[in-house]
Every structure is written in C-alpha cells, then in structure tokens.
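Examination of the molecular architecture
Each chain, letter by letter, is given below.
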Amino acid sequence: MHAVRDHERAVDALRRSYAAVPAGEPVRLAKQTSNLFRPRSAPRTPGLDVSGLTGVLSVDPDARTADVQGMCTYEDLVDATLPHHLMPLVVPQLRTITLGGAVTGLGIESTSFRNGLPHESVTELDILTGSGELLTARPVGEHADLFRAFPNSLGSLGYSTRLRIELQPVRRYVALRNIRFSRLEELTDAIADVVAKGSWEGEPVDAMDGVMFSPGEAYLVLATFTDEADGRPSDYTGQGIYYRSLRRRTRDVLTTYDYLWRWDTDWFWCSAAFGVQHPVVRRLWPQRYRRSDFYHRLVRLEHRHQVAARIDRWRGRPARERVVQDVEIPLAGTADFLRWFAGTVRMNPVWLCPLRLREPAGPGSARAWPLYPLQPGETYVNIGFWGSVPIAEGAADGDVNREIERAVSEAGGHKSLYSDAYYDRAAFDRLYGGETWRAVKERYDPDHRLTGLYEKAVARA
C-alpha cells in the first residue's frame, strides 16, 4: 500500500509540474541521465518532475509480471527481478536506459531474435497525455490506438508513469559460444539457422548477438542460460575487456548479472576514446566510473566545451562528423550492407544483434507497430556503430550520416532515432508512420503541447 500511495503522489507531482509549463513552451523531463545522442535546444522552463517515478512497484513471480514506474532504470529493474530468478524479456545493454525510454524510444538486446523489442512485453501502461489526462492503454480497448502508437513516439504523445511487463525465467549463469566467420554470408546463414531451430549444432540458444571487426572477421555469440558453470565465471568489470574476449575464447561463461551488463562496463568498445582500455589507465580509473552513464557525461562535456575539437584544429587535423547509429537491416541484405559500410564509412567494430518481432502465440502472431514498421515474420539484424569520421575536403558535417540513411532505406531497413537524423518530412513520415502519428496526436494532444516527433528527431527541438 505504501508503494501505491507513493506512486500516486509522484504522479500528482508530475501532473502539477506539467500544468505549470506555460502554453507554447517546450515540455521536457527533468532527469539526471540520458542515453540520447541527439542535440536539443536548451529548455527555457523547468522540466517535468519525475523524481518519484524511478522504482519497481511490484514483482509477481507467479504471473511473471512486474509493475514498473516509467523512469525506472533497467539496472534497478534487474536488481528487483533477479532475486525471483526472473528478468525482463529484453534487457537493453546500458544500465541507465529507463523502461519508459526503451518503450517510447525503442531498445534491443541479444534476446530480441525471439522476444522482439522491449515494448512487445508490455501488457498495459499509464500515460500522461498532451491534454493532461492520465490514461491506461492496453492492446485492446478504448485507448488501443495510443498503445500501438506509443513505441517510437519519443515523448511526442505522452509520458509513461507505470508499465506492466512480462518477465521470463532465468538461470544463474550464461554459457557463451564465440563463433568466428570469415565470410559474412556464412554468418547470416548461421543467424537464419538459429532463428529457425532455436539451437546451434544441437545446443539450445537463448540469446544471440555478435561483432564484426572486418568483413573477413565477424563473430556470433550464442548464449545459453544454465545453472552449471564450467569453471570460474569470467569477470569483465576489472582488467578484462569483454569485446576483446571474442577473439581469444571460443567458450566462456558469465554470471547472468554480468552477462546482462557485459557491454556497459566499456560502453561496448567506446571507452577506448577516454584511454580506459590502456592497462595502466584502467588500473587507475575507479571501477565505479567504468559505466556507460559516466562516459556519456564526458561526451556531453565535450559537446559543450569542444576541447578535443580545439586540439584537433590546433594540430591541423580535419574536423570530425559524429556517426552514432543503430539500424535494422533485413537479414537477406545484411552482408551487402556490412561490406558497403566497411568500405565507405570505415568504422569498426560494429555490433550485430538479430531481431524479429515477437510471436507470443507462435508463428503468425506478431503484432506490427506503426511508428516503427518492421515486417512480422522477417528477421533483421540491428547494426550498431558509434564514433566519428573525419570530414573529407569539400564535404559537410552530416554528409556521411545522410549517405547511411540512403543506404539503409535502399536495403529496406530502418534506423533508431536516439541520434542525429536528416530525413525531410515526407521521407520521415513514410518511414515512421506519420499518418498514424498525426491521427493519434490529434486525439490525445489536440493543442500540440508536446513537441512533435519530426521536430524532436530531426529538427532537434
């Protein structure tokens, strides 16, 4: 009962803070962390008070569900579910991604080849809409249109205050097989085989992702939940660096907790930009700061003060374009896209994460989501690349990102919108369900108090 009362008070505080935002002023959440790489205009008014919406309200081990507040991080959610030997169906790879953020802004991880995206395990959610109403949306019923359009709406239709999600059983350890491929077609054939059979060479596969270092060196990591550890579990929170282990180990085992956060310690491989992968620096760098949210704070400071950019100019180096994207490419076109990317953009490594829309009742039961219209029954590969490239002479900042957008569209894919986007409005509406978004917007935010989806994703409002 205390949790219910505290939640009601937190929702009241949110609604009061929303009512206090003057008409015509942008509405933002007042939150301490962000996983966005999309610059935005500076707010002129205080953000919405979400300080009381950061927890897990309840876990039901029998029903395998959890009621979770919208600003709860996956780190806190996992801490609440693992003691019950349960985990969310999909746990995005960074600790401070929030459940509400993963639903309205999308998320993905290695269980996505069988469990889809985080919003596909949501059974109902409470949403504060642009009109100031607090509504409960479910797959069927009066507000089913809002339920379907909420994923990938990026806060343009409202903010979730409570979500009920399904959970899955989990074991103590995760056994890994790191399989190297020298031809990308062999890797994509292996993904198709695992998707079809749920196993590889007779061993079950519960989770699957991978890394491409080059078109001639790519790895598929096949994970199996188990209660038996063959030897002492590896620990990549100290001197060891997870992504490097793929090149030197064919088998590995981690605790389930460490597996869920294996990418967070070094922000995949991006901690190298801060020198954290150098053995001496790593020993001196406090372990509590080997986290994605800390690295992200450093990036925001650089964006604000441009220290590295000034040093590069002083040294006569070309300016750099930030290329931070996650894109979904149909499996059949993945090898060609990866070769194009390696030859044109020339960034490595890149993350590979197979994905299918979830089929909760078996083949043919997947639901389409209009604002991120992946095809039911089709396998995609999420390709993640995060870094920067030099701006060539005569080129402009953004040219490489625009070329990537063209290549993704030509391949029949989509890109996530947490980072820079350059589409014109017509192309954006075609790719991201513009007609559906406008109809739902008019019903639940008729005065357009909340910033529009295109304005957030492309115009950086």
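Up top is the structure.
Here's a quick rundown of the structure. (Residues numbered from 1 in each chain as written. Predicted model: local features only at pLDDT ≥ 70, side-chain atom pairs only at ≥ 80, totals over all residues. Heavy atoms only, no water.)

Structural notes on the sheet that holds strand β17 (residues 380-390)
- As summarised here, the arrangement of the eight strands in space is β14-β9-β13-β12-β16-β17-β15-β18, forming an open sheet in which the pairing is antiparallel. Of all the strands in the sheet, the pair left with one neighbour each is β14 (251-255) and β18 (414-415).
- Of the pairings in the sheet, the one linking strand β12 (residues 207-214) to strand β16 (residues 350-355) comprises three bridges and is antiparallel in character. Its bridge partner lying in β16, Val211 is registered against Trp351. (Pairing = 2+ DSSP bridges. Helix = DSSP H or I, 4+ residues; strand = E, 2+ residues; numbered from the N terminus.)

Some points on the layout of surface pockets
- Looking at the second largest pocket, its volume works out to about 300 Å³.
- What lines the second largest pocket is a set of 16 residues, among which Phe113, Arg114, Val195, Arg356 and Glu359 lie closest to the centre.
- When contributions to the lining of the second largest pocket are tallied by element, the ones reaching two or more residues are α4 (112-115) and α6 (184-197).
- Considering each element in turn, the lining of the second largest pocket owes the most residues, four residues, to α6.
- When the residues that make up the lining of the second largest pocket are grouped by side-chain class, the tally is eight nonpolar, three polar and five charged. (1 Å grid on protein atoms, 1.4 Å probe; cavity = no way out; pocket = protein on both sides within 12 Å on 5 of 7 lines; lining within 4 Å. Points joined across faces, edges and corners; volume = space filled by probe spheres on them. Nonpolar A, V, L, I, M, F, W, Y, C, P; charged D, E, K, R; others polar.)

Focus: helix α12 (residues 331-344)
- If you check α12, its first and last C-alpha atoms are 20 Å apart, about what 14 residues at 1.5 Å a residue would give, namely 20 Å.
- Taken as a whole, α12 has its buried residues at Leu331, Thr334, Ala335, Phe337, Leu338 and Phe341.
- Summarising the contacts, the buried residues of α12 are in contact with α6, β12, β15 (320-330), β16, β17 and α13 (399-410).
- A positive backbone phi angle near 60° is found at Arg346, which sits one or two residues after α12. (Expected span 1.5 Å × (residues − 1). Buried < 20%, exposed > 50% of the residue type's maximum accessible area, 1.4 Å probe, protein only. Contact = heavy atoms within 4.5 Å.)

Focus: the environment of Ala396
- Mapped onto the elements, Ala396 comes out in the loop between β17 and α13.
- Take Ala396: its relative accessible area is 39%, and that puts it in the partly exposed class.
- On a C-alpha basis, the gap between Ala396 and Thr129 in space is 39 Å, while along the polypeptide they are 267 residues apart.
- Beyond its immediate chain neighbours, meaning those up to four positions away, Ala396 contacts Glu321 and Ile391.

Regarding the pairing of strand β3 (residues 56-60)
- Across four bridges, β3 lies against strand β4 (residues 65-69) in antiparallel orientation. Following the sheet pairing, Val59 is matched in β4 by Ala66.
- Adjacent in sequence and paired antiparallel, β3 and β4 are bridged by four residues, among which Arg64 carries a positive phi angle near 55°.

Some details on the packing of α6 against α12
- Following both chains from N to C, one finds α6 and α12 inclined at 150°, their axes separated by 9 Å at the closest point. Overall, the two elements α6 and α12 adopt an arrangement that is roughly antiparallel. Like other packed secondary-structure pairs, α6 and α12 cross with a definite hand, here right-handed. Counted together, Leu184, Glu185, Thr188, Ile191 and Ala192 of α6 and Leu331, Thr334, Ala335, Leu338 and Arg339 of α12 form the full contact between these two elements.
- The residue inventory of the contact of α6 with α12, partitioned by class, reads six nonpolar, two polar and two charged. (Axes fitted to C-alpha atoms, helices over the stretch in contact; angles between N-to-C directions. Parallel < 35°, antiparallel > 145°, perpendicular 65-115°, else oblique. Left-handed = near helix turned anticlockwise from the far one by under 90°.)

Some details on empty space enclosed by the protein
- In this structure the tally under the stated criterion is two cavities of 30 Å³ or more.
- In this structure, the largest cavity encloses a volume near 60 Å³.
- Around the largest cavity, the lining residues are Met87, Val91, Glu109, Ser110, Thr111, Phe225, Tyr259, Leu260 and Arg262.
- Among the residues forming the lining of the largest cavity, the class breakdown is five nonpolar, two polar and two charged.
- In this model, the second largest cavity occupies a volume close to 40 Å³.

Some words on the pattern of salt bridges
- Enumeration over the complete set of coordinates arrives at 34 salt bridges.
- In this structure, Arg438 and Asp429 form a salt bridge, with 2.8 Å as the shortest nitrogen-oxygen distance.
- The structure contains a network of salt bridges with shared partners spanning Asp67, Glu124, Asp126, Arg138, Arg162 and Arg164. (Salt bridge = Lys/Arg side-chain N within 4 Å of Asp/Glu carboxyl O.)

So, the side chain of Glu321
- With respect to the helices and strands, the residue Glu321 is situated in strand β15.
- Here Glu321 occupies a buried position and makes no salt bridge, while the nearest side chain of opposite charge, Arg402, is found at 6.5 Å.
- At 3.2 Å, the side chain of Glu321 forms a polar contact with the backbone nitrogen of Gly398.
- A polar contact is formed between the side chain of Glu321 and the side chain of Asn401, at a distance of 2.6 Å. (Lys, Arg positive; Asp, Glu negative; His and termini not counted. Polar contact = N/O pair within 3.5 Å; in protein donor to acceptor, adjacent residues only side chain to side chain.)

Points about unusual backbone geometry
- Here the amide bond leading from Asn348 into Pro349 is cis, since omega sits at 0°, within 30 degrees of zero.
- If you trace the backbone, Pro349 turns up in the loop between α12 and β16.
- Despite not being glycine, Leu106 shows a phi value in the positive range, around 80°.
- Secondary-structure assignment places Leu106 in the loop between α3 (99-105) and α4.

Taken by themselves, the reported measurements are silent on function.
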